[in-house]
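Secondary and tertiary structure notes
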Amino acid sequence: MAGNQFEIPKEMRSMAEASLEQARKAFESFISSAQQTASAFGGSSFGAPGEAAKDISAKAIAFAEKNVQSSLAYAQQLIHAKDLTEVMRLHTEYVQGQMRALAEQASEMGQAVTRAAMDASKPK
């Protein structure tokens with residue numbers, strides 16, 4: 001088991017944590033701008049198609065936010081992993097969670113697009 005032990009030097013861990021925090025802040029700023037842009041898009045001037053596009057955009061942004069936050073949390077956990085066994089466990093959990101999330105997101109997005117297409121084809 002001693003061969004499985006490893007330790008990230010404190011200085012490297014501190015740098016990695018600072019980089020993760022910078023990435024998190026940059027992403028939060030990006031998401032905020034994207035949400036503002038998406039809420040400005042669509043609206044009443046485009047009618048139902050605009051509202052459907054706005055809904056789809058909002059979903060896409062929410063999914064991106066969730067996926068990036070999950071990745072940042074995973075990276076944070078890796079920084080503090082005590083050994084290779086923990087790294088492998090964290091990796092397996094992360095991949096499985098992301099596969100579930102992506103399947104759910106694809107399903108939700110498919111339903112939203114289908115609803116938008118059906119609404120757009122309804123006679124006025």
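What you are looking at is a predicted structure, and each value in this text was computed from that prediction instead of being measured.

1. Here's the deal with the overall build of the protein chain
- Of the regular secondary structure elements, the protein chain holds three helices and zero strands.
- Each helix and strand of the protein chain, placed in order from N terminus to C terminus, yields the pattern α-α-α.
- The 124 residues of the protein chain split such that 21% are buried.
- Summing over all exposed atoms, the protein chain offers an accessible surface of approximately 8,400 Å²; the carbon and sulfur share of this is 62%.

2. Brief notes about the nonpolar core
- Judged by nonpolar contacts, Phe-27, Ile-31, Ala-34, Ala-38 and Ile-61 together constitute the single largest core of five residues.
- The contacts of Ala-38, once residues within four sequence positions are left out, are Lys-54, Ser-57 and Ile-61.

3. As for the packing of aromatic side chains
- All chains considered together, the criterion is met by two aromatic pairs.
- When the ring of Phe-27 is compared with that of Phe-30, the centres are 6.2 Å apart and the planes differ by 35°; the resulting orientation is tilted. On the criterion of helical spacing, the pair formed by Phe-27 and Phe-30 is a turn pair, its members being three residues apart in helix H1 (residues 10-40).
- We classify Phe-27 as buried; its relative accessible area is 12%.
- Note on Phe-30: relative accessible area 51%, which makes it exposed.

4. Digging into helix H3 (residues 84-121)
- With 38 residues, H3 should cover 56 Å at 1.5 Å per step; its first-to-last C-alpha distance of 55 Å lies within 8% of that length.
- Every buried residue belonging to H3 is among Glu-86, Leu-90, Gln-98, Ala-101, Gln-105, Ala-112 and Ala-116, and all of these are buried.

5. Concerning the pattern of salt bridges
- Under the definition given, this model contains four salt bridges.
- Ionic pairing is found between Arg-24 and Glu-21, a salt bridge with its closest N-O pair at 3.7 Å. Here the residue Arg-24 and the residue Glu-21 both occupy positions in helix H1, the gap between them amounting to three residues, near one helical turn.
- Look at Glu-21 and you get partly exposed, because its relative accessible area is 36%.
- A salt bridge links Lys-59 to Glu-108; the shortest N-O distance between them is 3.8 Å. Of the two residues, Lys-59 sits in helix H2 (residues 47-79) while Glu-108 sits in helix H3, which places them 49 residues apart along the sequence.

Conventions and cut-offs
- Residues numbered from 1 in each chain as written.
- Predicted model: local features only at pLDDT ≥ 70, side-chain atom pairs only at ≥ 80, totals over all residues.
- Heavy atoms only, no water.
- Helix = DSSP H or I, 4+ residues; strand = E, 2+ residues; numbered from the N terminus.
- Buried < 20%, exposed > 50% of the residue type's maximum accessible area, 1.4 Å probe, protein only.
- Areas by Shrake-Rupley, 256 points an atom, 1.4 Å probe, with all protein chains shown as cover.
- Core = buried A, V, L, I, M, F, W, Y, C linked by side-chain atoms within 4.5 Å.
- Contact = heavy atoms within 4.5 Å.
- Phe/Tyr/Trp six-rings, centres within 6.5 Å; stacked < 30°, edge-to-face > 60°.
- Expected span 1.5 Å × (residues − 1).
- Salt bridge = Lys/Arg side-chain N within 4 Å of Asp/Glu carboxyl O.

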